[in-house]
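What follows is the residue order along each chain.
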Amino acid sequence: MKVQLSNELNAMLSEHAQADYPNECCGLLVGSIQSDIVKITEVHPSKNLTSGNPAKSFEVDPKLRFDVMREAQSRNDGVDIIGHYHSHPDGPAAPSAKDLSMAYEPNMVWLICRVAPNEEVTIGAFQPCSDRSAFNTLELVIN
Ligand SMILES: [Zn+2]
């Protein structure tokens, strides 16, 4: 599966990751899935509502998720929440063991941003395997 992200939305993700550094940022991804291509059309930044250490964990605001879902469904154009993103301050653009333990939804696309000082943000795309034992790495196309 291939994930398409525009330069503009890529810049939004990078800016959010840098603005919230050294804490993790997070948000929702809205888009459409056609055959094996996921096209991300909207990024909705969330507050990080984790009850743990925000430098090492994240939780998307459930109210934002509800609002975005309701808005997407009211448009009824096949565009819906297809995933979410979060950052790893000074960590890799790859899922952690904790991320795997939180991967309840097998169809969600995860974008994970590595953010560190004096460095461009790098992003990886992943999707939990159907048995949630691991993440598959997806091809991410930014253009
Ligand atoms: Zn993570």
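Residues numbered from 1 in each chain as written. Predicted model: local features only at pLDDT ≥ 70, side-chain atom pairs only at ≥ 80, totals over all residues.

J.: Describe the environment of Ser6, with residues and values.
T.: Relative to the helices and strands, Ser6 resides in the loop between β1 (2-5) and α1 (7-20). Expressed as a C-alpha distance, the spacing of Ser6 and Asn143, which sit 137 residues apart in the sequence, is 5.0 Å. (Helix = DSSP H or I, 4+ residues; strand = E, 2+ residues; numbered from the N terminus.)

J.: How would you explain the sheet that holds β1 if you had to name every residue and give the values?
T.: Taken in spatial order, the 7 strands line up as β1-β3-β2-β4-β5-β6-β7 and close into a barrel, and their pairing is mixed. Between one strand axis and the next, the sheet turns by 35° as a mean value, whatever way the strands run. Examined bridge by bridge, strand β5 (residues 109-115) and strand β6 (residues 122-128) share 5 bridges and lie antiparallel to one another. If you follow Ile112 over to β6, its bridge partner there is Gly124. (Pairing = 2+ DSSP bridges. Axes fitted to C-alpha atoms, helices over the stretch in contact; angles between N-to-C directions.)

J.: How would you sum up unusual backbone geometry? Please name residues and give values.
T.: Cis geometry marks the peptide bond from Tyr21 to Pro22; its omega dihedral reads 10°. Summarising the element assignment, Pro22 is placed in the loop between α1 and β2 (26-34). Phi at Asn76 is positive, roughly 55°, even though this residue is not glycine. Looking at the secondary structure, you find Asn76 in the loop between α2 (62-75) and β4 (80-89). We classify Asn76 as exposed; it has 8 C-beta atoms within 10 Å. The phi torsion at Asn118 lies on the positive side, around 55°, for a residue other than glycine. (Buried ≥ 20, exposed ≤ 12 C-beta atoms within 10 Å, placed from the backbone.)

J.: Could you give me a rundown of α1, with the residues and numbers involved?
T.: Over its 14 residues, α1 extends 20 Å from the first C-alpha to the last, a length consistent with the 20 Å expected when each residue adds 1.5 Å. Regarding α1, the residues found buried are Leu13, His16, Ala17 and Asp20. Along the long axis of α1, the arc covered by the buried residues comes to 100°, so they all point the same way. For α1, the exposed residues lying more than 90 degrees away from the buried face are Asn7, Glu8 and Ala19. (Expected span 1.5 Å × (residues − 1). Arc of directions from axis to C-beta.)

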